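Structural characterization, general
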Amino acid sequence: MKPTDVPTRNFPTAKEECRTLQPHPDYDGPGSAYELAFKDESFLLRQDMRPVRMQLELLKPEVVQNEQGVTSTIVIFGSARILSADAAHALVAAAEASGDEAQLRIARSKLAMSRYYEEARRFAQIATSECAQRGRPVVIATGGGPGIMEAGNRGAYEVGGKSVGLNIVLPHEQYPNPYITPELCFRFHYFGLRKMHFLMRALALVCFPGGYGTLDELFETLTLIQTGKSRRRPILLFGRDFWSRLLNIELLLETGMISPGDEKLFHYVETAEEAWALLEAEPELSSVAAP
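Below or above, wherever it landed, is the structure these notes cover. The written sequence of each chain sets the order in which its residues are numbered from 1. Confidence filtering applies because this is a predicted model: local features only for residues at pLDDT of at least 70, side-chain atom pairs given and counted only at 80 or more, and all residues used for totals across whole chains, interfaces and linings. Only heavy atoms go into the side-chain values, all of them from the structure, while hydrogens and water stay out.

With respect to the packing of helix 7 (residues 191-200) against helix 8 (residues 212-226)
With their axes 11 Å apart at the nearest point, helix 7 and helix 8 run at an angle of 65° to one another. Here helix 7 and helix 8 pass one another in a crossing that is right-handed. Where helix 7 approaches helix 8, its residues Arg194, Lys195, Phe198 and Leu199 are matched on the opposing element by Asp216, Glu217, Glu220, Thr221 and Leu224. We call Asp, Glu, Lys and Arg charged. Ala, Val, Leu, Ile, Met, Phe, Trp, Tyr, Cys and Pro are nonpolar, and the rest, Gly among them, are polar. Split into classes, the residues belonging to the contact of helix 7 with helix 8 amount to three nonpolar, one polar and five charged. Only the stretch in contact is used when fitting a helix axis, every axis being a line fitted to C-alpha atoms; angles between N-to-C directions are given from 0 to 180 degrees. Helix numbers and strand numbers start at the N terminus; a helix is a DSSP run of H or I with at least 4 residues, a strand a run of E with at least 2. A clockwise turn of the near helix away from the far one marks a right-handed crossing, whereas an anticlockwise turn of less than a right angle marks a left-handed crossing. Contacts were defined at the residue level, with two residues in contact if any of their heavy atoms lie within 4.5 Å.

Rendered as C-alpha coordinates:
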(Lines give C-alpha, C1' and ligand atoms only; values in the text may rest on other atoms or scores of the structure.)
Protein backbone atom coordinates (compact mmCIF):
# COMPACT_ATOMS: atom_id res chain seq x y z
CA MET A 1 0.00 0.00 0.00
CA LYS A 2 1.28 3.44 -0.92
CA PRO A 3 1.15 6.25 1.66
CA THR A 4 -1.34 8.08 -0.57
CA ASP A 5 -3.75 5.13 -0.25
CA VAL A 6 -4.14 5.73 3.48
CA PRO A 7 -7.49 7.57 3.91
CA THR A 8 -6.36 9.62 6.88
CA ARG A 9 -3.00 10.69 8.29
CA ASN A 10 -1.46 8.47 10.92
CA PHE A 11 0.02 11.46 12.69
CA PRO A 12 -1.13 15.05 13.23
CA THR A 13 0.38 17.69 11.02
CA ALA A 14 2.89 20.13 12.44
CA LYS A 15 0.29 22.88 12.00
CA GLU A 16 -2.27 20.91 13.98
CA GLU A 17 0.29 20.17 16.66
CA CYS A 18 1.09 23.85 17.08
CA ARG A 19 -2.58 24.78 17.22
CA THR A 20 -3.36 22.32 20.02
CA LEU A 21 -0.35 23.11 22.22
CA GLN A 22 -1.19 24.21 25.74
CA PRO A 23 1.14 26.64 27.53
CA HIS A 24 3.11 25.09 30.35
CA PRO A 25 3.17 27.13 33.57
CA ASP A 26 6.80 26.32 34.34
CA TYR A 27 8.54 25.81 31.01
CA ASP A 28 7.03 28.29 28.54
CA GLY A 29 8.81 31.27 30.02
CA PRO A 30 11.86 33.19 28.74
CA GLY A 31 15.05 31.16 28.53
CA SER A 32 13.31 27.79 28.44
CA ALA A 33 14.22 25.25 25.73
CA TYR A 34 10.72 23.73 25.85
CA GLU A 35 9.38 25.35 22.65
CA LEU A 36 9.12 23.14 19.55
CA ALA A 37 12.26 23.65 17.47
CA PHE A 38 10.44 24.58 14.25
CA LYS A 39 8.21 27.04 16.13
CA ASP A 40 11.02 28.63 18.12
CA GLU A 41 11.84 31.89 16.32
CA SER A 42 14.78 32.78 18.56
CA PHE A 43 16.32 29.39 17.77
CA LEU A 44 15.73 29.66 14.00
CA LEU A 45 17.33 33.11 13.94
CA ARG A 46 20.55 32.04 15.66
CA GLN A 47 23.75 32.57 13.67
CA ASP A 48 24.52 28.85 13.56
CA MET A 49 21.10 28.20 11.96
CA ARG A 50 22.04 30.18 8.84
CA PRO A 51 22.40 27.03 6.67
CA VAL A 52 18.85 26.03 7.59
CA ARG A 53 17.51 29.50 6.83
CA MET A 54 19.27 29.46 3.46
CA GLN A 55 17.73 26.08 2.70
CA LEU A 56 14.28 27.39 3.60
CA GLU A 57 14.75 30.48 1.44
CA LEU A 58 15.67 28.29 -1.52
CA LEU A 59 12.85 25.84 -0.85
CA LYS A 60 9.85 28.08 -0.17
CA PRO A 61 9.74 29.83 -3.59
CA GLU A 62 10.47 26.50 -5.28
CA VAL A 63 7.55 24.75 -3.61
CA VAL A 64 5.13 27.63 -4.10
CA GLN A 65 6.00 28.16 -7.77
CA ASN A 66 5.58 24.45 -8.43
CA GLU A 67 2.15 24.58 -6.77
CA GLN A 68 1.22 27.61 -8.87
CA GLY A 69 2.31 25.90 -12.10
CA VAL A 70 5.20 28.28 -12.80
CA THR A 71 7.65 26.26 -14.87
CA SER A 72 9.09 28.88 -17.25
CA THR A 73 9.80 32.57 -16.80
CA ILE A 74 11.13 35.56 -18.69
CA VAL A 75 13.08 37.70 -16.27
CA ILE A 76 13.04 41.49 -16.55
CA PHE A 77 15.85 43.48 -14.89
CA GLY A 78 16.24 47.24 -14.72
CA SER A 79 16.42 50.32 -12.57
CA ALA A 80 14.03 50.92 -9.70
CA ARG A 81 14.42 54.65 -10.40
CA ILE A 82 12.90 54.81 -13.88
CA LEU A 83 9.44 56.38 -13.80
CA SER A 84 6.36 55.73 -15.87
CA ALA A 85 5.63 58.29 -18.59
CA ASP A 86 2.72 59.72 -16.59
CA ALA A 87 4.82 60.13 -13.43
CA ALA A 88 7.69 61.67 -15.40
CA HIS A 89 5.40 64.17 -17.16
CA ALA A 90 4.00 65.19 -13.78
CA LEU A 91 7.54 65.70 -12.48
CA VAL A 92 8.39 67.94 -15.43
CA ALA A 93 5.22 69.97 -14.92
CA ALA A 94 6.00 70.46 -11.23
CA ALA A 95 9.58 71.52 -12.02
CA GLU A 96 8.42 73.98 -14.67
CA ALA A 97 5.98 75.48 -12.22
CA SER A 98 8.69 75.87 -9.60
CA GLY A 99 11.08 77.63 -11.96
CA ASP A 100 14.00 75.58 -10.61
CA GLU A 101 16.29 74.96 -13.58
CA ALA A 102 18.28 72.20 -11.86
CA GLN A 103 15.12 70.31 -10.96
CA LEU A 104 13.81 70.82 -14.48
CA ARG A 105 16.96 69.25 -15.99
CA ILE A 106 16.58 66.25 -13.70
CA ALA A 107 12.89 65.95 -14.50
CA ARG A 108 13.49 66.08 -18.25
CA SER A 109 16.17 63.41 -17.93
CA LYS A 110 13.69 61.20 -16.08
CA LEU A 111 11.12 61.82 -18.77
CA ALA A 112 13.58 60.72 -21.46
CA MET A 113 14.32 57.52 -19.51
CA SER A 114 10.62 56.82 -18.94
CA ARG A 115 10.40 55.33 -22.41
CA TYR A 116 12.10 52.25 -20.99
CA TYR A 117 9.32 51.84 -18.42
CA GLU A 118 6.77 51.87 -21.23
CA GLU A 119 8.81 49.44 -23.34
CA ALA A 120 9.15 47.04 -20.39
CA ARG A 121 5.43 47.31 -19.73
CA ARG A 122 4.57 46.63 -23.39
CA PHE A 123 7.09 43.80 -23.66
CA ALA A 124 5.53 42.06 -20.65
CA GLN A 125 2.09 42.49 -22.22
CA ILE A 126 3.24 40.98 -25.52
CA ALA A 127 5.17 38.08 -23.99
CA THR A 128 2.36 37.17 -21.59
CA SER A 129 -0.38 37.37 -24.23
CA GLU A 130 1.51 35.61 -27.01
CA CYS A 131 2.61 32.69 -24.85
CA ALA A 132 -0.85 32.29 -23.33
CA GLN A 133 -2.42 32.15 -26.81
CA ARG A 134 -0.04 29.35 -27.71
CA GLY A 135 -1.15 27.35 -24.68
CA ARG A 136 2.30 27.47 -23.08
CA PRO A 137 2.16 30.36 -20.63
CA VAL A 138 5.45 31.86 -19.62
CA VAL A 139 5.41 33.97 -16.48
CA ILE A 140 7.14 37.34 -16.23
CA ALA A 141 9.48 37.54 -13.22
CA THR A 142 11.01 40.69 -11.78
CA GLY A 143 12.73 41.90 -8.63
CA GLY A 144 9.34 42.99 -7.37
CA GLY A 145 10.08 46.65 -6.67
CA PRO A 146 9.33 49.93 -8.45
CA GLY A 147 10.60 51.26 -11.78
CA ILE A 148 11.32 48.71 -14.50
CA MET A 149 10.33 45.92 -12.11
CA GLU A 150 6.90 47.49 -11.66
CA ALA A 151 6.58 47.93 -15.42
CA GLY A 152 7.16 44.22 -16.02
CA ASN A 153 4.65 43.09 -13.41
CA ARG A 154 2.20 45.74 -14.56
CA GLY A 155 2.31 44.66 -18.17
CA ALA A 156 1.55 41.05 -17.27
CA TYR A 157 -1.23 42.15 -14.91
CA GLU A 158 -2.86 44.34 -17.54
CA VAL A 159 -3.37 41.38 -19.91
CA GLY A 160 -4.60 39.04 -17.18
CA GLY A 161 -1.38 37.09 -16.63
CA LYS A 162 0.45 35.97 -13.54
CA SER A 163 3.82 37.44 -12.64
CA VAL A 164 6.49 36.76 -10.03
CA GLY A 165 8.10 39.33 -7.74
CA LEU A 166 11.34 38.39 -5.99
CA ASN A 167 11.68 41.15 -3.41
CA ILE A 168 14.71 41.64 -1.17
CA VAL A 169 15.01 43.08 2.33
CA LEU A 170 17.10 46.27 2.13
CA PRO A 171 18.17 48.88 4.71
CA HIS A 172 15.62 51.18 3.09
CA GLU A 173 12.74 48.76 2.67
CA GLN A 174 11.83 47.81 -0.88
CA TYR A 175 8.06 47.47 -0.96
CA PRO A 176 6.45 45.19 -3.54
CA ASN A 177 4.78 46.97 -6.42
CA PRO A 178 0.99 46.46 -6.59
CA TYR A 179 0.95 44.38 -9.80
CA ILE A 180 2.61 41.16 -8.61
CA THR A 181 0.43 38.07 -8.32
CA PRO A 182 0.00 37.81 -4.51
CA GLU A 183 0.67 34.07 -4.45
CA LEU A 184 3.96 34.71 -6.28
CA CYS A 185 5.22 37.68 -4.27
CA PHE A 186 8.29 36.53 -2.33
CA ARG A 187 10.73 38.26 0.00
CA PHE A 188 14.39 37.28 0.35
CA HIS A 189 17.09 37.95 2.90
CA TYR A 190 19.94 36.39 0.90
CA PHE A 191 20.87 38.00 -2.43
CA GLY A 192 22.52 34.78 -3.61
CA LEU A 193 19.38 32.70 -3.25
CA ARG A 194 17.28 35.38 -4.89
CA LYS A 195 19.69 35.26 -7.86
CA MET A 196 19.26 31.50 -8.10
CA HIS A 197 15.50 31.90 -8.34
CA PHE A 198 15.88 34.51 -11.07
CA LEU A 199 17.68 31.93 -13.21
CA MET A 200 16.24 28.56 -12.23
CA ARG A 201 13.18 28.88 -14.50
CA ALA A 202 14.37 31.59 -16.89
CA LEU A 203 14.03 31.06 -20.63
CA ALA A 204 15.37 34.55 -21.32
CA LEU A 205 16.66 37.62 -19.51
CA VAL A 206 15.65 41.10 -20.59
CA CYS A 207 17.79 43.92 -19.18
CA PHE A 208 16.80 47.57 -19.21
CA PRO A 209 19.06 50.45 -18.15
CA GLY A 210 19.94 50.32 -14.49
CA GLY A 211 22.61 50.80 -11.87
CA TYR A 212 24.70 48.54 -9.67
CA GLY A 213 21.88 46.08 -9.00
CA THR A 214 21.07 45.61 -12.67
CA LEU A 215 24.76 45.26 -13.55
CA ASP A 216 25.16 42.71 -10.78
CA GLU A 217 22.38 40.53 -12.17
CA LEU A 218 23.57 40.97 -15.77
CA PHE A 219 27.20 40.04 -15.11
CA GLU A 220 26.22 37.18 -12.84
CA THR A 221 24.21 35.69 -15.69
CA LEU A 222 26.86 36.37 -18.34
CA THR A 223 29.53 34.76 -16.14
CA LEU A 224 27.47 31.64 -15.50
CA ILE A 225 26.79 31.21 -19.21
CA GLN A 226 30.35 32.06 -20.29
CA THR A 227 31.81 29.51 -17.87
CA GLY A 228 29.29 26.81 -18.74
CA LYS A 229 27.81 26.72 -15.25
CA SER A 230 24.43 27.62 -16.73
CA ARG A 231 22.82 26.69 -20.01
CA ARG A 232 22.89 29.38 -22.65
CA ARG A 233 19.75 31.49 -22.96
CA PRO A 234 18.90 34.77 -24.71
CA ILE A 235 20.00 37.97 -22.98
CA LEU A 236 18.51 41.15 -24.41
CA LEU A 237 19.81 44.63 -23.59
CA PHE A 238 17.28 47.39 -24.20
CA GLY A 239 18.89 50.59 -25.47
CA ARG A 240 22.09 50.17 -27.46
CA ASP A 241 23.16 53.76 -26.80
CA PHE A 242 22.97 53.34 -23.03
CA TRP A 243 24.68 49.96 -22.89
CA SER A 244 27.39 50.67 -25.47
CA ARG A 245 28.39 53.82 -23.58
CA LEU A 246 28.36 51.97 -20.27
CA LEU A 247 30.13 48.75 -21.33
CA ASN A 248 33.30 48.85 -23.41
CA ILE A 249 33.08 45.34 -24.80
CA GLU A 250 35.61 46.18 -27.52
CA LEU A 251 38.22 46.94 -24.85
CA LEU A 252 37.59 43.58 -23.19
CA LEU A 253 38.12 41.86 -26.56
CA GLU A 254 41.20 43.88 -27.49
CA THR A 255 42.89 43.16 -24.17
CA GLY A 256 41.95 39.49 -24.16
CA MET A 257 39.81 39.82 -21.05
CA ILE A 258 37.04 37.93 -22.84
CA SER A 259 37.23 35.47 -25.72
CA PRO A 260 36.05 36.12 -29.28
CA GLY A 261 32.40 35.13 -29.34
CA ASP A 262 31.70 36.25 -25.78
CA GLU A 263 30.39 39.52 -27.18
CA LYS A 264 27.61 37.48 -28.80
CA LEU A 265 26.18 36.31 -25.49
CA PHE A 266 23.72 39.22 -25.62
CA HIS A 267 21.74 41.23 -28.18
CA TYR A 268 20.77 44.90 -28.29
CA VAL A 269 17.12 45.75 -28.86
CA GLU A 270 15.16 49.01 -28.89
CA THR A 271 11.48 48.11 -28.79
CA ALA A 272 9.20 45.55 -27.19
CA GLU A 273 8.19 44.23 -30.60
CA GLU A 274 11.80 43.79 -31.69
CA ALA A 275 12.61 41.98 -28.45
CA TRP A 276 9.70 39.56 -28.80
CA ALA A 277 10.51 38.86 -32.48
CA LEU A 278 14.07 38.00 -31.50
CA LEU A 279 12.93 35.66 -28.72
CA GLU A 280 10.52 33.88 -31.04
CA ALA A 281 13.44 33.12 -33.35
CA GLU A 282 15.56 31.63 -30.57
CA PRO A 283 15.72 27.81 -30.41
CA GLU A 284 15.60 28.07 -26.61
CA LEU A 285 12.06 29.43 -26.79
CA SER A 286 10.82 27.60 -29.88
CA SER A 287 9.10 24.88 -27.86
CA VAL A 288 7.21 27.57 -25.96
CA ALA A 289 6.62 30.17 -28.63
CA ALA A 290 5.71 27.84 -31.50
CA PRO A 291 2.02 27.81 -32.45
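What to know about the packing of helix 4 (residues 85-98) against helix 5 (residues 101-133)
Closest axis-to-axis distance for the helix 4/helix 5 pair is 8 Å, and the angle between their directions is 170°. Taken together, the axis directions place helix 4 and helix 5 in an arrangement best described as roughly antiparallel. Residues Ala85, Ala88, His89, Leu91, Val92, Ala95 and Glu96 of helix 4 form the contact with helix 5, whose participating residues are Gln103, Leu104, Ala107, Arg108, Lys110, Leu111, Ser114 and Glu118. Should an angle fall under 35 degrees it is called roughly parallel, over 145 degrees roughly antiparallel, and 65 to 115 degrees roughly perpendicular, with every other angle called oblique.

Considering the pattern of salt bridges
The working definition used for a salt bridge is a side-chain nitrogen of Lys or Arg within 4 Å of a carboxyl oxygen of Asp or Glu. If you walk through the whole model with that rule in mind, you get 16 salt bridges. Asp241 is the partner of Arg245 in a salt bridge, and the nearest nitrogen-oxygen pair spans 3.6 Å. Remark: Asp241 and Arg245 occur in helix 9 (residues 240-246); sequence separation between them is four residues, near one turn of the helix. Residue Arg245 is classed as exposed on the basis of its relative accessible area, which comes to 70%. Linked by salt bridges that have partners in common, Glu118, Arg121, Arg154 and Glu158 make up one network. Relative accessible area decides the class of each residue, using a 1.4 Å probe on protein chains only: under 20% of the type maximum gives buried, over 50% gives exposed, and in between gives partly exposed.

Some remarks on the packing of aromatic side chains
When two rings of Phe, Tyr or Trp (its six-membered ring) have centres within 6.5 Å they constitute a pair, described as stacked for plane angles under 30 degrees, edge-to-face for angles over 60, and tilted for the intermediate range. All told, the structure shown has seven aromatic pairs when counted by the stated rule. Residues Phe242 and Trp243 carry aromatic rings whose centres are separated by 5.2 Å and whose planes lie at 85° to one another, so their mutual orientation is edge-to-face. In this structure Phe242 comes out as partly exposed when scored by relative accessible area, which is 24%. An aromatic cluster is built from Phe123, Phe208 and Phe238, whose rings are joined through pairwise contacts. Comment: the charge-over-ring label is applied if NZ (Lys) or CZ (Arg) is within 6 Å of the ring centre and within 35 degrees of the ring normal. Seen from the ring of Tyr116, Arg115 lies directly overhead, with NZ or CZ sitting 4.2 Å from the centre.

Brief notes about the sheet that holds strand 2 (residues 139-142)
By definition, the strands of a sheet pair up through backbone hydrogen bonds, in either a parallel or an antiparallel sense. Here, strands pair whenever DSSP counts at least two bridges between them. If you walk across this open sheet you meet the seven strands as 4-3-2-1-5-6-7, and the pairing is parallel. Looking along the sheet, the strands with just one partner apiece sit at the ends: strand 4 (185-188) and strand 7 (267-269). Across the sheet, the mean angle from the axis of one strand to that of its neighbour is 25°, orientation sign disregarded. Two elements, strand 1 (residues 73-77) and strand 2, share three bridges in a ladder whose sense is parallel. When the sheet's bridge partners are listed, Ile74 is paired in strand 2 with Ile140.

As for helix 3 (residues 50-67)
Quick reminder: α-helices carry 3.6 residues per turn. Residues three or four places apart thus point the same way. When the terminal C-alpha atoms of helix 3 are compared, their 26 Å separation across 18 residues agrees well with the 26 Å that a helix rising 1.5 Å per residue should span. For helix 3, every residue scored as buried is listed here: Arg53, Glu57, Pro61, Val64 and Gln65. Elements that come into contact with the buried residues of helix 3 comprise helix 2 (41-44), strand 3 (163-168), strand 4 and helix 7. Residue Gly69 follows helix 3 closely and has a positive phi angle near 75°. One less than the number of residues in a helix, times 1.5 Å, gives the span that helix is expected to have.

Some remarks on the nonpolar core
Soluble globular proteins: nonpolar side chains tend toward being buried together. In plain words, nonpolar cores are sets of buried Ala, Val, Leu, Ile, Met, Phe, Trp, Tyr and Cys residues tied together by side-chain atoms within 4.5 Å. Val164, Leu218, Ile235, Leu237 and Trp243 are the most contacted members of the largest nonpolar core, which has 32 residues in total. Of all the secondary structure elements, the ones that give two or more residues to this core are strand 1, strand 2, strand 3, strand 4, helix 7, strand 5 (202-207), helix 8 and strand 6 (235-238). Per-element tally for this core: the top contributor is helix 8, with four residues. If you look at the next biggest cluster of nonpolar residues, it comprises 27 residues, including Ile76, Ala127, Cys131 and Val269.

Side note on the pairing of strand 3
Taken across its six residues, strand 3 has six buried, putting it largely inside the fold. Across the two faces of strand 3 the burial is the same, with Ser163, Gly165 and Asn167 and Val164, Leu166 and Ile168 all buried. Alignment of strand 2 against strand 3, held across three bridges, turns out to be parallel. Considered in strand 3, the bridge of Ile140 is made with Ser163. Every crossover in which the path from the first strand over the helix to the second runs clockwise, viewed with the strands pointing away from the viewer, is termed right-handed. For the crossover that starts at strand 2, traverses helix 6 (residues 148-158) and ends in the parallel strand 3, the hand is right-handed.

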